[in-house]
Amino acid sequence: MRKDRLAYFKKRLLEKQHQLVEEVGRTAVYGKDQEDDSIKDLGDQANTAYTREFFFELGNGDRRLLREVVSALQKLEEGSFGSCERCGEAIAEKRLDALPFARYCIDCQRLVEEEQRTAAG
Ligand SMILES: [Zn+2]
């Protein structure tokens, strides 16, 4: 991917991250008592007390989204941004335009959602 495109996505991701961080202030009061399994699979990305606490302060949807934004920013740093985490193919830029934090190409996204539905049921 071209450098100016990467810079563009980075800017958008940072803006999104900033926006979500601001959400913390509004949802902190409500977040404390909620059980949420997603906190357990944050893995290495959230391997500090600060980050764990930080994610915990967010509502479920925001927390998940922020995790994806942070992950996308890490991929930008690592140079793997824009690649599907499942099949390794490039994610369509149109898709990244809509969802800069997309982890999977559209085909894998469908499969992953299918698996999640199966696992949940
Ligand atoms: Zn894929």
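Presented here is an overview of the structure given in this document. All of these numbers come straight from a predicted model, not from anything done at the bench.

1. Here's the deal with the overall build of the protein
Looking only at helices and strands, the protein features five helices and zero strands. From first element to last, N terminus to C terminus, the protein shows the α and β order α-α-α-α-α. Considering only contacts in the protein between residues 6 or more positions apart, those separated by 24 or more positions represent 60%. Within the structure as shown, the protein displays about 8000 Å² of accessible surface, and the carbon and sulfur contribution to it stands at 50%.

2. Comments concerning the coordination of the zinc ion
Looking at the zinc ion, one finds its protein donor set to be Cys84 (SG), Cys87 (SG), Cys105 (SG) and Cys108 (SG), positioned 2.3 Å from the metal centre. The coordination sphere of the zinc ion comprises four donor atoms, whose angles at the metal cover 103 to 117°; the geometry is tetrahedral. In primary sequence terms, the donor set of the zinc ion follows C-x2-C-x17-C-x2-C.

3. Overview of the pattern of salt bridges
This model, assessed by the stated rule, comprises 11 salt bridges. Arg2 serves as the salt-bridge partner of Asp4, at 2.6 Å between the closest nitrogen and oxygen. With relative accessibility at 41%, the residue Asp4 sits in the partly exposed group. For Arg2, a relative accessible area of 58% puts it in the exposed group. Glu15 serves as the salt-bridge partner of Lys11, at 3.3 Å between the closest nitrogen and oxygen. Of the two residues, Lys11 and Glu15 are both situated in helix α1 (residues 3-31); the distance of four residues between them amounts to about one turn of the helix. The exposure class assigned to Glu15 is partly exposed, which follows from its relative accessible area of 43%. Look at the salt bridges and you will find they share partners, linking Arg5, Glu93 and Asp97 into a network.

4. Focus: empty space enclosed by the protein
Evaluation of the coordinates by the stated rule reveals one cavity of 30 Å³ or more. Its boundaries defined by the atoms lining it, the largest cavity holds a volume of some 50 Å³. In this structure, the largest cavity is lined by Glu68, Ser71, Ala72, Lys75, Phe81, Gly82, Ser83, Glu85, Ile91, Phe101, Ala102 and Arg103. For the lining of the largest cavity, the per-class residue count stands at five nonpolar, three polar and four charged.

Quick notes on the rules
Residues numbered from 1 in each chain as written. Predicted model: local features only at pLDDT ≥ 70, side-chain atom pairs only at ≥ 80, totals over all residues. Heavy atoms only, no water. Helix = DSSP H or I, 4+ residues; strand = E, 2+ residues; numbered from the N terminus. Contact = heavy atoms within 4.5 Å. Areas by Shrake-Rupley, 256 points an atom, 1.4 Å probe, with all protein chains shown as cover. Donors = N, O, S within 2.8 Å, 3.2 Å for Na, K, Ca; no water. Tetrahedral: all angles 85-135°; square planar, octahedral: opposite > 155°, others 65-115°. Salt bridge = Lys/Arg side-chain N within 4 Å of Asp/Glu carboxyl O. Buried < 20%, exposed > 50% of the residue type's maximum accessible area, 1.4 Å probe, protein only. 1 Å grid on protein atoms, 1.4 Å probe; cavity = no way out; pocket = protein on both sides within 12 Å on 5 of 7 lines; lining within 4 Å. Points joined across faces, edges and corners; volume = space filled by probe spheres on them. Nonpolar A, V, L, I, M, F, W, Y, C, P; charged D, E, K, R; others polar.

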